[in-house]
Every structure is written in structure tokens, then in C-alpha cells.
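Notes for the structure review
Below, each chain spelled out in residue letters.
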Amino acid sequence: MTEKSAVQISYEDQGHKGRFVARIGGFEGEGELTISKVSDALVIADHTLVPDTLRGTGAASALVGALITDARAKSYRIVPLCPFVRAQSQKHPEWSDVIQH
């Protein structure tokens, strides 16, 4: 593929759990960032997984970006239990409004 396809993010609500899903046209597989909802004001970012077919595409960063955007839109805070989300939150101090350390 010669041109970079856009990462498409969707969200699947599963009651007290949820997941952000990343797909890219022309690529096999999907990435996901799973969350657990503690309350309307607090969620735990549990795990981020991107298959080898999507590595290097920006899918994982797009998943975390979608979580941050959603947290701001819905006024909740995020406990970054997932090592990738935690590492990204340390690189982005501007996310301190939604990251709970």
C-alpha cells in the first residue's frame, strides 16, 4: 500500500466494560483498548493490543487519543493501568485534566 490509510476508531459498550477498536482499510486485524467503568466519573484503561499487522500504523496512539477525547466529552477521569496508556500519559502532560495518577 503506497499511501497511509486513516485509522478508523469505533467504540463498543459492553455494560461495565467497553472497548475502543481500531481498523485500517487494507490491513488485516484490529487493535483494541479495553476499559472497565468504575463509575460515570472514573474508568480504568485495562489493556491496549495491536496485532503485528497494524504495528507502526499509529493505531495504538489513535486508540489512546480516542479514549482521551471521549473522557473529555463525557467528563470522566482515566486510571491508566495499561502500561501503554500510562506511558503515553507521561509523554502528554496536557492530558492531566483526564488522567488520574
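Anyway, here's the lowdown on the structure attached to this text. The model shown is predicted, which means the values in this text are computed figures rather than measured ones. Residue positions are counted from 1 within each chain, in the order its sequence is given. With pLDDT at 70 or above as the cut-off, local features in this predicted model cover only qualifying residues; side-chain atom pairs require 80 or more to be listed or tallied, and sums for whole chains, interfaces and linings still use all residues. Values shown for side chains rest on all heavy atoms present in the structure; no hydrogens or waters enter the calculation.

Section: the environment of Glu12
Mapped onto the elements, Glu12 comes out in strand E1 (residues 7–14). When residues no more than four places from it in sequence are discounted, the contact partners of Glu12 are Gly18, Arg19, Val21 and Arg23. Counted as a polar contact is a pair of N or O atoms within 3.5 Å, where, for protein atoms, one must be capable of donating a hydrogen and the other of accepting one, and residues adjacent in sequence contribute only when both atoms are in side chains. Polar contacts involving the side chain of Glu12 include one to the side chain of Arg19, which spans 2.7 Å. Strands are runs of DSSP state E lasting at least two residues, helices are runs of H or I lasting at least four, and both sets are numbered from the N terminus onward. The contact rule is simple, with two residues in contact once any of their heavy atoms fall within 4.5 Å.

Some remarks on the pairing of strand E3 (residues 31–39)
Note on pairing: DSSP must find at least two bridges between two strands before they are called paired. As paired elements, strand E2 (residues 17–24) and E3 share six bridges and run antiparallel to each other. When the sheet's bridge partners are listed, Gly18 is paired in E3 with Ile35. In this structure, the hairpin formed by E2 and E3 is closed by a connection of six residues, where Gly26 is found at a positive phi of approximately 90°. When E3 meets strand E4 (residues 42–49), the two strands line up antiparallel, connected through seven bridges. Each residue of the ladder has a partner; that of Glu32, found in E4, is Leu49. The antiparallel hairpin formed by E3 and E4 contains two residues in its connecting segment.

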